[in-house]
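Working through the structure, step by step
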Amino acid sequence: KLEKESQLQDEEIIEVISKIAKDKQLLSDFIKDILTPHEFENIAMRWQIVKKLEKGEYQESIAEDLHLGIATVTRGSREMRKKEGGFRRALKVIHS
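Residues numbered from 1 in each chain as written. Predicted model: local features only at pLDDT ≥ 70, side-chain atom pairs only at ≥ 80, totals over all residues. Heavy atoms only, no water.

**Notes on the nonpolar core**
Threshold: Residues enter a nonpolar core if they are buried and are Ala, Val, Leu, Ile, Met, Phe, Trp, Tyr or Cys, with the set joined through side-chain atoms within 4.5 Å. Here's how the labels work: a residue is buried when its accessible area is under 20% of the maximum for its type, exposed when over 50%, partly exposed in between, all with a 1.4 Å probe on protein chains only. A run of DSSP states H or I qualifies as a helix once it reaches four residues; a run of E qualifies as a strand once it reaches two. Both are numbered from the N-terminal end. We call two residues in contact whenever any of their non-hydrogen atoms come within 4.5 Å of each other.
Among the nonpolar cores identified, the biggest contains nine residues, and these are I49, V50, L53, I62, A63, L66, V73, M80 and L91. Secondary-structure elements contributing two or more residues to this core are α3 (37-54), α4 (59-66) and α5 (70-80). Among residues more than four places away in sequence, those in contact with A63 are L68, G69, I70 and V73.

**Digging into the side chain of S77**
With respect to the element layout, S77 can be found in helix α5. Beyond its immediate stretch of four places on either side in the chain, S77 contacts L53 and Q59.

**Looking at the environment of W47**
With respect to the helices and strands, W47 occurs in helix α3. Each C-alpha atom of the pair W47 and Q25 lies 20 Å from the other, and the pair is 22 residues apart in sequence. The residues contacting W47, other than those within four sequence positions of it, are F87, A90, L91 and I94.

**Brief notes about a nonpolar patch on the surface**
Definition in use: Patch criteria: residues need more than 30% relative accessible area and no salt bridge. Like-charged residues are merged within 9 Å; nonpolar side chains of Val, Leu, Ile, Met, Phe, Trp and Tyr are merged within 5 Å. Areas reported as accessible are Shrake-Rupley estimates using a 1.4 Å probe. Residue values count occlusion only from the protein chains shown. Whenever a carboxyl oxygen of Asp or Glu lies within 4 Å of a side-chain nitrogen of Lys or Arg, that contact is scored as a salt bridge.
The grouping of I13, I14 and I34 at the surface amounts to a nonpolar patch, some 260 Å² of accessible area in total. Summarising the element assignment, I34 is placed in helix α2 (residues 24-34).

Now the structure itself:
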């Protein structure tokens, strides 16, 4: 039951973000309200990892440049290996 409830909550938040995404200011305000500054910073940092991986930078170099543990970069790298994963699909949209 908890797993189903959690899945519904996940779907709900994605639905909310999807509906407000066209209004950049509202999206920004919503994200800043729902996340702590640290959580927001972590998400922003993960996106920097993805962009550097896409450029072909080495994991060790990324970890050093961004002052992160190699495990954090490795997780991003693992997700980037998924051809139809969210990172790759998001990058396609951004570059199109």
